[in-house]
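Tertiary structure, described
Given next are the chains, with one letter for each unit.
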Amino acid sequence: MTSLTLTAGTGLKTDAARRGRRTAWTPTLVLLLGALYCLIPVIWVFMAASKTRSELFSTFTLAPGSGLFDNIHDLSVYRDGIFWQWMGNSALYAGGGAILSTLVSAAGGYALGRFTFRGREFVFKLILAGVLVPGIVLAIPQYLLLSEMHLADSYWSMLLPSILSPYGVYLVRIYAAAAVPFELLEAARMDGAGEWRIFTRIALPLLTPGLITVFLFQFVGIWNNFLLPYVMLADDTKFPVTLGLYTLLAQGSSQPALYTLVITGCLLAILPLIALFLVIQRFWSLDLLSGSIKA
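Residue numbers here run from 1 along each chain, matching the order of that chain's written sequence. Per-residue local features of the predicted model are confined to residues with pLDDT of at least 70, and side-chain atom pairs are confined, for both listing and counting, to 80 or more; whole-chain, interface and lining totals are unaffected and use all residues. Side-chain figures throughout are based on the complete set of non-hydrogen atoms in the structure, without hydrogens or water.

Section: the overall build of the chain
Working definition: helices are DSSP H or I runs of at least four residues, strands are E runs of at least two. Numbering for both runs from the N terminus. Per the secondary structure count, the chain includes 13 helices and zero strands. Along the chain, helices and strands appear, N-terminal first, in the series α-α-α-α-α-α-α-α-α-α-α-α-α. Throughout, exposure labels follow a simple rule: accessible area from a 1.4 Å probe, protein chains only, divided by the maximum for the residue type, with under 20% read as buried, over 50% as exposed, and the rest as partly exposed. Split into buried and exposed, the 295 residues of the chain put 32% on the buried side. Shrake-Rupley sampling with a 1.4 Å probe provides the accessible areas, and residues are treated as covered by the protein chains on show and by no other component. By element, 71% of the accessible surface of the chain is carried by carbon and sulfur atoms, the whole surface being about 17700 Å².

As C-alpha cells, then:
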C-alpha cells in the first residue's frame, strides 16, 4: 500500500513538473515573438543600408548588399557633410536636454519624496497630470511663447522645452521614497550636514539607478523627437537627424537616388542609441551590485 502511494505521489509530481515546463515555454515563446517583431525593422534597415541603388529594389528584402561603405561615403559628402551636422545637433539636443532634465527631475523628485510641505500632494498631482498631456498639445504653445522671447529657430528653442520632464520628476519621486530612508537623512542632519550637502553627498548616489533611467528615457525621447524641431526650426543647419532625414525623404520622391542615403542615415542614427543602452546597462548592473554590497 505504501509503495503504491509513493508511486502515485511520484507520478503526480512528475506530471506537475511536465505541466510546469510546458507552461514556462509559453511566456518564453511570446517574448521571442515580441522580440522578433521589434527586431525585423532593425534587421531590414541593416540589410537595406548595405545595398546599392539598383540592389535596393531588385533583390530579396532581407538579403545583404554590397554598397554599405559607398552609401556611407555618399551620405557623408552630401551637401558638404550636413548629415553629420544633423547628428551633432541631435547629440547636443538629446545630451544637453537629458542632462538638464535629469538634474531638474532629481531635485524636484527628491523634494517631493523626502520633504513635507503644504501643497505637496497638489503639486505632485499637477505633475502627474502633466504626464498625461501629449507633447503634440504643447508644441504650438511652446513655439508661440519662445517666439515672443525671440528664441524660435535657435538651439535654445530645442533645449528649453526639454528641461522639465513630468514623468522624470514622477519617477524620481517614487524612487526617492523607496531608496532614500528618512532615518539616514535625519542622522546626517544631526551630524550637522546642510540640505545641499545631504542632497549631493547622500541622496544623489542613492538615486543614481533611477536617474540613469530618467536620463535614458529623456535622451531617447529627445533624439527621436520630430514634432518639436519641425515646429521650432526653419534653418536646416540646426535640424536634428530626424528632421534632416525627413527632408531627404521628401526630396526622394523627385530624386529616387536619395532613398539609399535616407536608409543609410537611419542606420547611422540608431547606432548611438544602441551604444548608449549598452553602456548604461553596464552602469545599471554596477549600481545595483554596489547597493547590495553596501546593504
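Notes on unusual backbone geometry
For arginine 79, which is not glycine, the phi torsion reads 50 degrees and is therefore positive. Within the secondary structure, arginine 79 sits in the loop between helix H3 (68–77) and helix H4 (82–114). Look at arginine 79 and you get partly exposed, because its relative accessible area is 43%. A positive phi angle, close to 60 degrees, is found at aspartate 153, a residue other than glycine. Take aspartate 153: its relative accessible area is 27%, and that puts it in the partly exposed class.

A short note on the nonpolar core
One finds Phe83, Trp86, Phe219, Trp223, Val241 and Leu248 to be the most contacted residues of the largest nonpolar core, which totals 32 residues. No other element matches the eight residues that helix H13 (residues 258–294) contributes to this core. For this analysis, residues touch if any pair of their heavy atoms sits within 4.5 Å. Setting aside residues no more than four positions away along its own chain, tryptophan 223 makes contact with Met87, Ser90, Ala91, Ala94, Val241, Thr242, Ala269, Pro272 and Leu273. If you look at the next biggest cluster of nonpolar residues, it comprises 13 residues, including Ala106, Val172, Ala203 and Leu211. In these notes, a set of buried Ala, Val, Leu, Ile, Met, Phe, Trp, Tyr and Cys residues joined through side-chain atoms within 4.5 Å is what counts as a nonpolar core.

Section: helix H10 (residues 195–223)
Each residue after the first adds 1.5 Å to the expected span of a helix. A rise of 1.5 Å per residue sets the reference length of H10, with its 29 residues, at 42 Å; its end C-alpha atoms lie only 34 Å apart and thus fall more than 12% short of the reference. A residue's bend is the angle separating two fitted axes: one through the seven residues that end there, the other through the seven that start there. At threonine 208, H10 shows its maximal bend, which comes to roughly 60 degrees, and the proline proline 209 appears one to four places after that position.

Remarks on the packing of aromatic side chains
Aromatic contacts are taken between Phe, Tyr and Trp rings whose centres are within 6.5 Å, Trp giving its six-membered ring; a plane angle under 30 degrees counts as stacked, one over 60 as edge-to-face, and the others as tilted. One pass over the full model with this rule turns up 13 aromatic pairs. Here the aromatic rings of phenylalanine 226 and tyrosine 230 are separated by 5.4 Å at their centres, their planes lie at 25 degrees, and the arrangement is stacked. Pairwise contacts between aromatic rings join Tyr110, Phe115, Trp196 and Phe199 into one cluster. Either the NZ atom of lysine or the CZ atom of arginine qualifies as a charge over a ring when it sits within 6 Å of the ring centre and within 35 degrees of the ring normal. Note that arginine 114 overlies the ring of phenylalanine 182, its terminal NZ or CZ placed 3.9 Å from the centroid. Taking NZ or CZ as reference, arginine 173 lies 4.1 Å from the ring centre of phenylalanine 124, over its face.

Here we look at the pattern of salt bridges
Each salt bridge in this description consists of a side-chain nitrogen of Lys or Arg and a carboxyl oxygen of Asp or Glu lying within 4 Å of one another. In total, this model carries six salt bridges according to the counting rule given. Put simply, aspartate 236 and arginine 79 hold a salt bridge, and the shortest N to O gap is 2.8 Å. Of the two residues, aspartate 236 is situated in the loop between helix H11 (227–232) and helix H12 (241–252) and arginine 79 in the loop between H3 and H4; the sequence distance between them amounts to 157 residues. Overall, the relative accessible area of 22% leaves aspartate 236 in the partly exposed class. Overlapping salt bridges, with partners in common, bring together Arg120, Glu121 and Arg173 in one network.

Quick word on the side chain of lysine 51
Structurally, lysine 51 is set in the loop between helix H1 (2–49) and helix H2 (53–56). Buried and without a salt bridge, lysine 51 has glutamate 55 as its closest oppositely charged side chain, separated by 7.2 Å. If sequence neighbours within four positions are ignored, lysine 51 has contacts with Leu56, Thr59, Phe60, Thr61, Ala63, Gly65, Ser66, Gly67, Asn71 and Thr260. Charge counting treats Lys and Arg as positive and Asp and Glu as negative, with His and both chain ends excluded.

Focus on the packing of H4 against H10
For every element, the axis is a line fit to its C-alpha atoms; helices are fit only across the contacting stretch, and the angle between N-to-C directions ranges from 0 to 180 degrees. Contact geometry for H4 and H10: axes closest at 7 Å, N-to-C directions at 140 degrees. Classed by the angle they form, the pair H4 and H10 counts as oblique. The interaxial crossing formed by H4 with H10 has right-handed handedness. Residue polarity follows a fixed list, in which Ala, Val, Leu, Ile, Met, Phe, Trp, Tyr, Cys and Pro are nonpolar, Asp, Glu, Lys and Arg are charged, and the others, Gly among them, are polar. Grouping the constituent residues of the contact of H4 with H10 by class yields 20 nonpolar, seven polar and one charged. An angle below 35 degrees is read as roughly parallel, one above 145 as roughly antiparallel, one from 65 to 115 as roughly perpendicular, and any other as oblique. Throughout, a crossing is termed right-handed when the near helix is turned clockwise from the far one, and left-handed when it is turned anticlockwise from it by less than a right angle.

Some thoughts on a nonpolar patch on the surface
Together, Leu39, Ile43, Trp44, Phe60 and Leu62 give the surface a local cluster of nonpolar side chains, amounting to about 490 Å² of exposed area. Along the chain, phenylalanine 60 turns up in the loop between H2 and H3. Its relative accessible area of 59% is what places phenylalanine 60 among the exposed residues. Note on patches: the residues involved have over 30% relative accessible area and no salt bridge, like charges join within 9 Å, and the nonpolar side chains Val, Leu, Ile, Met, Phe, Trp and Tyr join within 5 Å.

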